[in-house]
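# Summary of the model geometry
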Amino acid sequence: MNIELRQLRYFATVAEELHFGRAARRLHMTQPPLSQTIMALEEMLGAPLFERNRRGVALTAAGEALLPEARRLLEQSAGLAELVQRAATGASGRLSLAFVSSADYSVLPPTLRAYRAEYPQVEITLKEATSDLQLDDLLDGRVDAGLLIPPLPDRARQELEYLPVLSEPLVLAAPAGLPALARARAADLRQLAGLPLIIFPRHISPGLYDAILSVFRAAGITAEVGQEAIQMQTIVSLVSAGMGIALVPQSVSNLRRPGVEYLPLVQSTPLVETGLAWRRDNASPVLRGFLELMRKRI
């Protein structure tokens, strides 16, 4: 059975007019082809849709059952062009976005608010992941884009595009009440020598790991790694528990935990960069819209 939308439109018009002549004029056609189309539809469906007599035209029980479904299909078909246009321009669809935990306290919330305001019909799937896992997901096409911390390894640089989004210094996260920090406006790492450092494993984000240790080397002291954790939230929680100190991107100071004090450092620190990466061959209109918004915001 291959019912055409044209047949349903003719049927619905006759059902509304209950008069073949008026329906034909409304459809800008003559009555004979309209009647032939309705009879062909009735034959295809195996039941009469109209009762025809000298008093006029009336819907049969079959016609009454078909009318709301015909109207529904016609209404849906009328929206197909708009649906396709929204998808083609990136106004609808799905965006899968991964992010490092530090981005949750800096660029991610305002970016999502701005994107949601401009593209309310796009479904956003979020995945918190470390930079190394994001690179695997990006290269394998499991996510559209990722907010991560560089550098990108050789294979990633060949297949991914990268856009710097944020640069920020490192700050100290320390247990509140340390005597060495009493009334201090900035922390001197030399006064904290010997305290265990809480940091993540180097393979997760070698760029940030090396930046943190470089601050200790520049201060002339050796970092004593006491605990490793893979999420910024966990690192800050361990600081709160008095397990040690940590150097974190400045935006992480927006994560408030009882018993944690954030201070700038006397020592100069390298800037920690967060950027957006995506596959070079990803032609998604939704991704294109997201990239345009990101470029406007930086």
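Check the entry above for the structure.
Starting afresh in each chain, residues are numbered from 1 along the sequence in its written order. Local features in this predicted model are restricted to residues of pLDDT 70 or higher, and side-chain atom pairs are both shown and tallied only at a pLDDT of 80 or more, whereas totals for entire chains, interfaces and linings draw on every residue. As a rule here, side-chain values cover all heavy atoms of the structure and leave hydrogens and water aside.

### Re the overall build of the chain
- When helices and strands are tallied, the chain shows eleven helices and twelve strands.
- The reference for a compact globule is 2.2 Å times residues^0.38; the radius of gyration itself is calculated from the C-alpha atoms. In terms of overall dimensions, the chain is more spread out than a globule: its C-alpha atoms have a radius of gyration of 32 Å, far above the 19 Å expected for 298 residues.
- Considering only C-alpha atoms, the chain reaches an extent of 105 × 40 × 30 Å along its principal axes.
- Any two residues whose heavy atoms approach within 4.5 Å at even a single point are treated as in contact. In the chain, the proportion of contacts linking residues at least 24 apart, taken out of those at least 6 apart, comes to 71%.
- Each accessible area is a Shrake-Rupley estimate made with a 1.4 Å probe; only the visible protein chains count as cover when residues are assessed. Accessible surface, the chain: about 15300 Å² in total, of which carbon and sulfur atoms supply 52%. Runs of H or I in DSSP of at least four residues are treated as helices and runs of E of at least two as strands, each being numbered from the N terminus.

### Description of the packing of helix α6 (residues 108-118) against helix α11 (residues 285-297)
- Interaxial angles span 0 to 180 degrees and are taken between N-to-C directions of axes, which are lines fitted to C-alpha atoms, for helices over the stretch in contact. Where α6 contacts α11, the axes come no closer than 11 Å and their chain directions differ by 125°. Accordingly, the angle class assigned to the pair α6 and α11 is oblique. α6 and α11 meet at a crossing whose hand is right-handed. Residues Pro-110, Thr-111, Ala-114, Tyr-115 and Glu-118 of α6 pack against Val-286, Gly-289, Phe-290, Leu-293, Met-294, Lys-296 and Arg-297 of α11.
- Ten residues, namely Ala, Val, Leu, Ile, Met, Phe, Trp, Tyr, Cys and Pro, are considered nonpolar, four, namely Asp, Glu, Lys and Arg, are considered charged, and the remaining ones, Gly among them, are considered polar. Of the residues contributing to the contact of α6 with α11, the split by class is seven nonpolar, two polar and three charged. If an angle is under 35 degrees, it is roughly parallel; if it is over 145, roughly antiparallel; if it lies from 65 to 115, roughly perpendicular; otherwise it is oblique. Put simply, a crossing is left-handed when the front helix is turned counterclockwise from the back one by less than a right angle, and right-handed when it is turned clockwise.

### Here we look at the pairing of strand β8 (residues 196-199)
- One requirement defines pairing of two strands: DSSP has to find at least two bridges between them. Sheet topology places β8 next to strand β9 (residues 224-228); four bridges connect them, and they run parallel. Residue pairing in the sheet places Pro-196 in a bridge with Glu-224 of β9.
- Whether a crossover is right-handed comes down to one check: with the strands pointing away from the viewer, does the path from the first strand over the helix to the second run clockwise; if it does, it is right-handed. For the handedness criterion, the β-α-β arrangement of β8, helix α9 (residues 206-218) and β9 is classed as right-handed.

### Focus: the environment of Leu-208
- Turning to its location among the elements, Leu-208 is positioned in helix α9.
- For each residue, the accessible area found with a 1.4 Å probe, counting protein chains only, is set against the maximum for its type, and the residue is called buried under 20%, exposed over 50%, and partly exposed in between. For Leu-208, a relative accessible area of 2% corresponds to the buried category.
- A sequence separation of 41 residues divides Leu-208 from Pro-249, and the C-alpha atoms of the two residues are 9.0 Å apart.
- Discounting chain neighbours no more than four positions away, the residues touching Leu-208 are Ile-149, Leu-170, Phe-200, Met-232, Pro-249 and Val-272.

### Examining empty space enclosed by the protein
- The rule is simple: put a 1 Å grid over the protein atoms alone, call a set of points where a 1.4 Å probe fits but cannot get out a cavity, call an open set with protein on both sides within 12 Å along at least five of seven lines a pocket, and count a residue as lining if it has an atom within 4 Å of a point. Grid points are joined across faces, edges and corners, and a volume is the space filled by probe spheres set on the points. Here the structure, examined in full by the defined rule, presents two cavities of 30 Å³ or more.
- In this structure, the largest cavity occupies an estimated 140 Å³ of space.
- Residue classes in the lining of the largest cavity are distributed as ten nonpolar, six polar and no charged.
- The computed volume of the second largest cavity comes to approximately 50 Å³.
- Lining the second largest cavity we find Leu-189, Leu-192, Ala-193, Gly-194, Leu-195, Phe-216, Ile-221, Thr-222, Ala-223, Glu-224 and Ile-245.
- Here the lining of the second largest cavity is composed, by residue class, of eight nonpolar, two polar and one charged.

### Focus: the pattern of salt bridges
- Salt bridges are counted wherever a side-chain nitrogen of Lys or Arg sits within 4 Å of a carboxyl oxygen of Asp or Glu. Applying the stated rule across the entire model yields 18 salt bridges.
- The partner of Arg-71 in a salt bridge is Glu-16, with the nearest N and O atoms 3.6 Å apart. Of the two residues, Arg-71 sits in helix α4 (residues 61-78) while Glu-16 sits in helix α1 (residues 5-17), which places them 55 residues apart along the sequence.
- Across the pair Asp-137 and Arg-142 runs a salt bridge, and its minimum N-O distance is 2.7 Å.
- The buried category is assigned to Asp-137, whose relative accessible area is 4%.
- Among the charged side chains, a salt-bridge network with shared partners connects Glu-16, Glu-17, Arg-22, Arg-26 and Arg-71.

### Some thoughts on the pairing of strand β1 (residues 50-53)
- Relative to strand β2 (residues 56-59), β1 is paired through four bridges, and the arrangement is antiparallel. By the bridge assignment for β2, Asn-53 is matched with Gly-56.
- Counting the residues in the hairpin turn of β1 and β2 gives two residues.

### Some details on the sheet that holds strand β3 (residues 92-99)
- Reading across the sheet, the five strands line up as β4-β3-β5-β12-β6 and stay open at both edges, with mixed pairing between neighbours. Looking at the sheet topology across the chains shown, the edges are occupied by β4 (121-128) and β6 (160-168). Each adjacent strand pair in this sheet contributes to an overall mean axis angle of 20°, direction not counted.
- Note: β3 against strand β5 (residues 145-148), three bridges, orientation parallel. Counted as the bridge partner of Phe-99 is Leu-147 from β5.
- Relative to the sheet, α11 contacts β3, β4, β5, β6 and β12 (272-279), its axis offset from that of β3 by approximately 55°.

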